[in-house]
Amino acid sequence: MLTGEPTDIPAGGACAFPLPSDASTASFARSRLAATMRPLGFASDQIEDGELAVSELATNAYTYASSTGRVSAVGQELWIWARTCPTPELVVSIFDTQRETWPVIRDAELLDEHGKGLSIVAAVSAGTGTHFTRSRLTATPGKCVWFTLALPTSWQMVDQALSPTLTACQLSDALKARGISTNYRREGSGATVLSTRTLSIWIGSKTFTWHDGHRCTHQSLIDLEETAERITSHHETHPSASPA
């Protein structure tokens, strides 16, 4: 099963692939990522860096599941989308359901066979990180480990005239697919607001805006997938919070 096509990414879409629950998971992740990056204009060296990084992350998730006897319940997925903020990047994530363990960068000798996975990812990517989230294919709670790659200099996000109302519906659909219910309203000022159990998101002519209790975030409307992921992560990290 595949959600999205590579050509959807410049228009603000995403690709999501289920990964095999066996030792072929790293190879499958490499081939899917390369097949997605090539038509988007990435150089061969960027594709190779992406293949190396995604292979490390998929291998780490599978290795842990194997060591705990939970291979059948891994539920690994590969997610790919682009974002313009905080900087233009391709975001590549490996999702799994094992929330009790998180990868860490460890000091390892150059000849060690283990312990260098995340260090390798950090070395070949623009950035990397982890957060709580939910499956894009089944809405199962879990976590993702991600890395980013700079977009090609020729990259152009598809120019779309997105109305706040239409964008609110699209974001609502994206969140509902992750098992997060939403409410829509129009305020007296004419502002379009989408609320979840944890946040209220104001949708303007060009940006999404929300306040998580600590800081205010602004995200371009073309970054709908990034926005949906950030809201999902906040929902999973602060499950008892009330909308701002």
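All values reported here derive from a predicted model rather than from experimental measurement. (Residues numbered from 1 in each chain as written. Predicted model: local features only at pLDDT ≥ 70, side-chain atom pairs only at ≥ 80, totals over all residues. Heavy atoms only, no water.)

1. Remarks on the sheet that holds strand 6 (residues 183-186)
Across the sheet, which stays open at both edges, the 5 strands sit in the order 6-7-8-9-10 with antiparallel pairing between neighbours. Each edge of the open sheet is held by one strand with a lone partner, namely strand 6 and strand 10 (216-220). The mean inter-strand angle of the sheet, taken between neighbouring strand axes irrespective of direction, is 25 degrees. Bridging between strand 7 (residues 192-195) and strand 8 (residues 200-203) involves 4 bridges; their strand directions are antiparallel. (Pairing = 2+ DSSP bridges. Helix = DSSP H or I, 4+ residues; strand = E, 2+ residues; numbered from the N terminus. Axes fitted to C-alpha atoms, helices over the stretch in contact; angles between N-to-C directions.)

2. Things to note about helix 5 (residues 224-237)
In this model, helix 5 (14 residues) spans 20 Å end to end at C-alpha, consistent with the 20 Å of a helix rising 1.5 Å per residue. With 12 of its 14 residues buried, helix 5 lies for the most part within the structure. For helix 5, every residue scored as buried is listed here: Leu224, Glu225, Glu226, Thr227, Ala228, Glu229, Ile231, Thr232, Ser233, His234, His235 and Glu236. (Expected span 1.5 Å × (residues − 1). Buried < 20%, exposed > 50% of the residue type's maximum accessible area, 1.4 Å probe, protein only.)

3. Re unusual backbone geometry
That bond from Cys85 to Pro86 is cis: its omega, 15 degrees, falls within 30 degrees of zero. Inspection of the secondary structure puts Pro86 in the loop between strand 2 (77-83) and strand 3 (89-96). With a phi close to 65 degrees, Ala139 is a non-glycine residue in the positive phi region. Among the secondary structure elements, Ala139 is positioned in the loop between strand 4 (127-134) and strand 5 (141-150).

4. Digging into the packing of aromatic side chains
Counting across every chain of the model gives 3 aromatic pairs. Measuring from ring centre to ring centre gives 5.0 Å for Trp102 and Phe132, while their planes differ by 80 degrees; the resulting arrangement is edge-to-face. With Trp102 in the loop between strand 3 and helix 3 (117-124) and Phe132 in strand 4, the pair connects residues that are 30 residues apart, well separated along the chain. By relative accessible area, which is 27% here, Phe132 ends up partly exposed. Sitting over the face of the ring of Trp102, Lys143 holds its NZ or CZ atom 6.0 Å from the ring centroid. Note that Arg178 overlies the ring of Trp79, its terminal NZ or CZ placed 5.1 Å from the centroid. (Phe/Tyr/Trp six-rings, centres within 6.5 Å; stacked < 30°, edge-to-face > 60°. Lys NZ or Arg CZ within 6 Å of the ring centre and 35° of its normal.)

5. Concerning the pattern of salt bridges
Evaluated as defined, the whole model comprises 10 salt bridges. Between Glu89 and Arg83 there is a salt bridge, and its shortest N-O distance comes to 2.8 Å. Per residue, the accessibility class of Glu89 equals that of Arg83, and both read buried. One network of salt bridges, in which partners are shared, links Arg83, Glu89, Glu226 and Arg230. (Salt bridge = Lys/Arg side-chain N within 4 Å of Asp/Glu carboxyl O.)

So far we have only geometry, and geometry alone does not tell us how the molecule works.
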